[in-house]
Amino acid sequence: MAVIHFNNPDNYSEEINPAMKHLKVIKSPVEFRLADYNLKGNSIINQVRRIKDLSGIFLDEETLKKMNAELIVYTVQAWMPVDESTPGGLYFGTSTIMPGKVDNEYFMTKGHFHAKSDRAEFYWGVQGKGMLILMDRERNTWAEEVYPGSLHYIGGEIAHRLANIGSENLIVGACWPSDAGHNYDEIATNGFSARLLEVDNIPVLVENKN
Ligand code: M6P
Ligand code: ZN
């Protein structure tokens, strides 16, 4: 019989035979702490994206090269309770995008289609002010306003990227299928068809001529 690995948010860990859980009341191994919006638990994956990791993403490469290469642009936390490519499983994550700009382009995530391209995803705003930039396969690009409580259904075949348009950290929750995967190549090669730029102090989607 399979043995599951059980870790609670206080780093307590033990192995429980599923049959032994009968009538037990236990803690989930992971907690989304509302005090600081941190994912706490043994199996959390932490990712950091710095200026040096984001070449080719922003319009103004020259300005990017002059910036502090170590500066953090965004971080991702994820709970992936099943192996990648498991059909029917779900992943939970948060993205935290710092306030800032490269010239007049807001700090943003790399953005991606899903590798299994028909897989959908939910995003929801937790803290701060942002934009969810979306692009379909015909390269139509639009954006949804992100704010605490905003809810975003990202259908399959839609590329998605988050930009922080405010002055505090933008925190966004995400839930996606475990077999979705990430396809970054298409965005790395062709980008989105529009960029979110600050024009006269407001965020505007501007056709991407590159
Ligand atoms: C969300 C989810 C993750 C994604 C992350 C950062 O948390 O969509 O799957 O990895 O945002 O976005 P990106 O991978 O485009 O940098
Ligand atoms: Zn996704």
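Quantities reported herein were computed from a predicted structural model and do not represent experimental measurements.

Colleague: Explain the coordination of the zinc ion (ligand 2) to me, using residue names and the numbers behind them.
Modeller: Six octahedral donors around a metal ideally sit at 90 or 180 degrees from one another, while four tetrahedral donors ideally sit at 109.5 degrees. In the first shell of the zinc ion (ligand 2), the protein supplies H112 (NE2), H114 (NE2), E121 (OE) and H160 (NE2), at 2.0 to 2.2 Å from the metal. Angles of 85 to 159° at the metal separate the four donor atoms of the zinc ion (ligand 2), which places the site in the irregular class. As a motif over one chain, the donors of the zinc ion (ligand 2) read H-x1-H-x6-E-x38-H.

Colleague: I'd like a rundown of the sheet that holds strand β13 (residues 151–154), residues and numbers included.
Modeller: Pairing in this open sheet of six strands is antiparallel, and the strands run β5-β6-β7-β15-β10-β13 from one edge to the other. Edge strands, defined here as strands with exactly one partner in the open sheet, are β5 (44–50) and β13. Across the sheet, the mean angle separating the axes of adjacent strands is 20° when strand polarity is ignored. As defined by bridge partners, β5 adjoins strand β6 (residues 72–79) across seven bridges and the pair is classed as antiparallel. Bridge pairing links I45 to A78 in β6.

Colleague: Go over unusual backbone geometry, please, and point to the residues and values.
Modeller: A positive phi is found at L23, a non-glycine position, where the angle reads about 75°. Along the chain, L23 falls in the loop between β2 (13–16) and β3 (31–33).

Colleague: Mind laying out the site of ligand 1, listing which residues take part and the relevant values?
Modeller: Looking at ligand 1, the residues that line it are Y74, V76, S95, K110, G111, H112, E121, Y123, A174, W176, H182 and Y184. Between ligand 1 and Y123, the relevant distance is 2.8 Å, taken from an oxygen atom to a side-chain nitrogen or oxygen of the residue. Y184 is positioned with one of its side-chain polar atoms (N or O) 2.4 Å from an oxygen atom of ligand 1. When ligand 1 sits alone it has 370 Å² of accessible area, and the protein chains cover 97% of it. Elements that contribute at least two residues to the shell around ligand 1 include exactly β6, β10 (121–127) and β15 (170–177).

Reading the values: the criteria
Residues numbered from 1 in each chain as written. Chains lettered and ligands numbered in written order. Predicted model: local features only at pLDDT ≥ 70, side-chain atom pairs only at ≥ 80, totals over all residues. Heavy atoms only, no water. Donors = N, O, S within 2.8 Å, 3.2 Å for Na, K, Ca; no water. Tetrahedral: all angles 85-135°; square planar, octahedral: opposite > 155°, others 65-115°. Pairing = 2+ DSSP bridges. Helix = DSSP H or I, 4+ residues; strand = E, 2+ residues; numbered from the N terminus. Axes fitted to C-alpha atoms, helices over the stretch in contact; angles between N-to-C directions. Near = heavy atom within 4 Å. Polar contact = N/O pair within 3.5 Å; in protein donor to acceptor, adjacent residues only side chain to side chain. Areas by Shrake-Rupley, 256 points an atom, 1.4 Å probe, with all protein chains shown as cover.

Function-wise, these values are silent; they only describe arrangement.
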